[in-house]
Amino acid sequence: MFSEFKSSYDFNETLIKIKDFLNKNNVTIFCEVDHKKNAESVNMELNNEYLIVFGSPVLGTHLMIDNPRSGIELPLRILIYEKDGVNVLYVEPEYLKSVFDLGDEYINKISGLIKALESGLKNRNI
């Protein structure tokens, strides 16, 4: 269901690189949640942890037309957190495909985008 990998960048660079990558690929960032900042607001401590809610209204709409129930997992999310390095966690597009019986066309586009992001963060080339 989830895939996770280590970024070769530090936490702040990883966050910036992900946002820049999404913007350059015309992907909408719908929401950002700074979990560390929220923890601090209630006098608690948490390592760096940040959630980005993102997607493409065009691709997402096609997926929801195919199966309205897929909207429970859309828009997509990516979690960046620090624990033994900088980790990036996301829901696998293939999981969405299998659970909601979605076609390949739009899932492949999402997979390609996420794999390019993963490769860039691992290999320091984005």
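Every value quoted in this text rests on a predicted model; they were computed, and no experiment measured them. (Residues numbered from 1 in each chain as written. Predicted model: local features only at pLDDT ≥ 70, side-chain atom pairs only at ≥ 80, totals over all residues. Heavy atoms only, no water.)

S.K.: Could you clarify how one ought to interpret the pattern of salt bridges in this entry?
M.R.: One side chain can pair with another of opposite charge once the charged atoms of both are near each other. One pass over the full model with this rule turns up 5 salt bridges. The partner of Asp104 in a salt bridge is Lys97, and the shortest N-O contact between them spans 2.2 Å. A residue is classified by how much of its surface remains accessible, and Asp104, at 39% relative accessible area, is partly exposed. One continuous salt-bridge network, built from bridges that share partners, spans Lys115, Glu118 and Lys122. (Salt bridge = Lys/Arg side-chain N within 4 Å of Asp/Glu carboxyl O. Buried < 20%, exposed > 50% of the residue type's maximum accessible area, 1.4 Å probe, protein only.)

S.K.: How should I be thinking about empty space enclosed by the protein in this particular structure?
M.R.: In this approach, a probe sized like a water molecule rolls over the atoms, and the result shows the empty space that is left. Enumeration over the complete set of coordinates arrives at 1 cavity of 30 Å³ or more. Roughly 50 Å³ of internal volume is contained in the largest cavity. Contributing to the lining of the largest cavity are Phe54, Glu73, Leu76, Arg77, Tyr90, Val91 and Ile114. Put simply, the parts of the chain that give the lining of the largest cavity at least two residues each are strand E4 (76-82) and strand E5 (86-91). Broken down by class, the residue content of the lining of the largest cavity amounts to 5 nonpolar, no polar and 2 charged. (1 Å grid on protein atoms, 1.4 Å probe; cavity = no way out; pocket = protein on both sides within 12 Å on 5 of 7 lines; lining within 4 Å. Points joined across faces, edges and corners; volume = space filled by probe spheres on them. Helix = DSSP H or I, 4+ residues; strand = E, 2+ residues; numbered from the N terminus. Nonpolar A, V, L, I, M, F, W, Y, C, P; charged D, E, K, R; others polar.)

S.K.: Hey, could you run me through the layout of surface pockets in this one?
M.R.: The volume enclosed by the largest pocket comes to roughly 250 Å³. Taken together, 18 residues form the lining of the largest pocket, with Phe54, Gly55, Ser56, Pro57 and Gly60 sitting closest to its centre. Put simply, the parts of the chain that give the lining of the largest pocket at least two residues each are strand E3 (49-55), helix H3 (57-66) and helix H5 (104-123). Residue contributions to the lining of the largest pocket peak at 6 residues, all from H3.

S.K.: Can you help me understand the nonpolar core in this one?
M.R.: Within soluble globular proteins, side chains that are nonpolar generally end up buried alongside one another. In terms of nonpolar packing, the biggest core is built from 31 residues, with Ile18, Leu22, Ile52 and Ile78 touching the most fellow members. At the level of elements, helix H1 (11-24), E3, H3, E4, E5, helix H4 (93-100) and H5 are the ones that each hand at least two residues to this core. Element by element, the count of residues in this core is highest for H5, at 7 residues. In this structure Ile52 touches Leu15, Ile18, Lys19, Leu22, Ile29, Cys31, Leu76, Arg77, Ile78 and Ile80, once residues within four positions along its chain are discounted. (Core = buried A, V, L, I, M, F, W, Y, C linked by side-chain atoms within 4.5 Å. Contact = heavy atoms within 4.5 Å.)

S.K.: Just to check I follow, could you spell out unusual backbone geometry for this structure?
M.R.: That bond from Leu74 to Pro75 is cis: its omega, -5 degrees, falls within 30 degrees of zero. Locating Pro75 in the fold gives a position in the loop between H3 and E4. One non-glycine residue with positive phi stands out, namely Asn26, at about 55 degrees. Position of Asn26 among the secondary structure elements: in the loop between H1 and strand E2 (28-34). Looking at Asn26, the relative accessible area reads 68%, which means it is exposed.

S.K.: Before we go on, may I ask you to explain the UniProt feature "domain: DUF302" (unreviewed entry) in the chain in this structure?
M.R.: As annotated in UniProt, the feature "domain: DUF302" (unreviewed entry) corresponds to residues 33-90 in the numbering used here. Segment residues 33-90 splits into 28% helix and 36% strand. End C-alpha atoms: 15 Å apart. (UniProt positions renumbered as here; feature names shortened; annotations may be inferred.)

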